[in-house]
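A closer look at the structure
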Amino acid sequence: MRIGRLAPIVAFSLALIGAALPLSAQNFATDIPLLSGGSERVLFAAPAAPRAILIMFPGGAGTVEISANGTTTNRNFLVRTLPLWVAQGFAVEIVGSPNGAPLLGQRHTPAYVAAIGRAVDFARSRANVPIWLVGTSQGSKAAANGAAHLGSKIAGVVLSS
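Keep in mind the model is a prediction, meaning the values are calculated, not measured.

For the structure shown, the criterion picks out four aromatic pairs. Relative to Phe-122, the ring of Phe-28 has its centre 6.4 Å away and its plane inclined at 70 degrees; by these criteria the two rings are edge-to-face. Within this pair, whereas Phe-28 is found in strand E1 (residues 27–33), its partner Phe-122 is found in helix H5 (residues 110–126), the two being separated by 94 residues in sequence. The exposure class assigned to Phe-28 is partly exposed, which follows from its relative accessible area of 30%. Geometrically, the ring pair formed by Phe-44 and Phe-122 is edge-to-face, given 6.0 Å between the ring centres and 90 degrees between the ring planes. Taken together, the residues Phe-44 in strand E2 (residues 39–45) and Phe-122 in helix H5 connect sequence positions 78 residues apart. The exposure class assigned to Phe-44 is buried, which follows from its relative accessible area of 4%. The side chain of Arg-51 reaches across the aromatic face of Phe-90, ending 5.0 Å from its centre. Here the basic side chain of Arg-126 rests over the ring of Phe-44, its NZ or CZ set 5.9 Å away from the ring centre.

Below you can see the structure in the form of structure tokens.
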């Protein structure tokens, strides 16, 4: 079968997976208090027995609007693929920015490492499985910074651009 013929099949399959896992039915949101004051909102979704937790850091300014009922209008690559990861057996945590502030120029700071650490601790409280930090574009700085400073709390890091 030629690759060109596979594209519609793959697109249809992905649409079915997305339809089978509506974001609002699978997710919940919570605010994690920060040691420095304020909070960061996280969106968490998981199958019954996750194989690992992927903590996702979207790019751009790093602001992800997460509603109290666990939905988001953000269309960043990582946010958009959340139901696909859950369908493959991974728990996913999308991290908003501390106090909703833009993160440009902040992702390398010790204060942001502390915020990542709180998100990791929250994820660990949900399931005792390996935790991977996943960042895309500007979010890669956050994932790399967290992995460099959080040591054994992190199983690995994935960076994309």
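Okay, the pairing of E1 next. Pairing of E1 with E2 involves seven bridges; the strand directions are antiparallel. Note on E2: the bridge partner recorded for Ala-29 is Leu-43. Two successive antiparallel strands, E1 and E2, enclose a turn made up of five residues, where Gly-37 displays a positive phi of approximately 105 degrees.

Counting residues in each nonpolar core, the largest one holds 26 residues, and the members touching the most others are Ile-53, Ile-55, Phe-57, Tyr-112, Ile-116, Val-120 and Leu-133. Breaking this core down by element, the ones donating at least two residues are E2, strand E3 (52–57), strand E4 (90–95), H5, strand E5 (131–136) and helix H6 (139–150). Ranked by the residues each element gives to this core, the list is headed by H5, at eight residues. If near-sequence neighbours (up to four positions away) are discounted, Val-120 is found in contact with Ile-55, Ile-131, Leu-133, Leu-150, Lys-153 and Ile-154.

Moving on to the pattern of salt bridges. It is possible for side chains of opposite charge to pair when their charged atoms get near one another. A complete count under the given rule lists two salt bridges for this structure. Note that Asp-31 is salt-bridged to Arg-41, the shortest N-O span being 2.8 Å. Placement of the pair is Asp-31 in strand E1 and Arg-41 in strand E2, with a sequence separation of 10 residues. Judged by its relative accessible area of 37%, Asp-31 is partly exposed.

Even without a glycine there, the phi angle at Ser-137 is positive, about 55 degrees. Within the secondary structure, Ser-137 sits in the loop between E5 and H6. Given a relative accessible area of 44%, Ser-137 falls into the partly exposed group.

Within the secondary structure, Gln-138 is located in the loop between E5 and H6. Once the C-alpha coordinates of Gln-138 and Leu-159 are considered, the two residues, 21 residues apart in sequence, prove to be 9.8 Å apart. Not counting the four nearest positions on each side in its chain, Gln-138 is found in contact with Gly-59, Gly-60, Leu-104 and Arg-107.

Basis of the calculations
Residues numbered from 1 in each chain as written. Predicted model: local features only at pLDDT ≥ 70, side-chain atom pairs only at ≥ 80, totals over all residues. Heavy atoms only, no water. Phe/Tyr/Trp six-rings, centres within 6.5 Å; stacked < 30°, edge-to-face > 60°. Helix = DSSP H or I, 4+ residues; strand = E, 2+ residues; numbered from the N terminus. Buried < 20%, exposed > 50% of the residue type's maximum accessible area, 1.4 Å probe, protein only. Lys NZ or Arg CZ within 6 Å of the ring centre and 35° of its normal. Pairing = 2+ DSSP bridges. Core = buried A, V, L, I, M, F, W, Y, C linked by side-chain atoms within 4.5 Å. Contact = heavy atoms within 4.5 Å. Salt bridge = Lys/Arg side-chain N within 4 Å of Asp/Glu carboxyl O.

So far we have only geometry, and geometry alone does not tell us how the molecule works.
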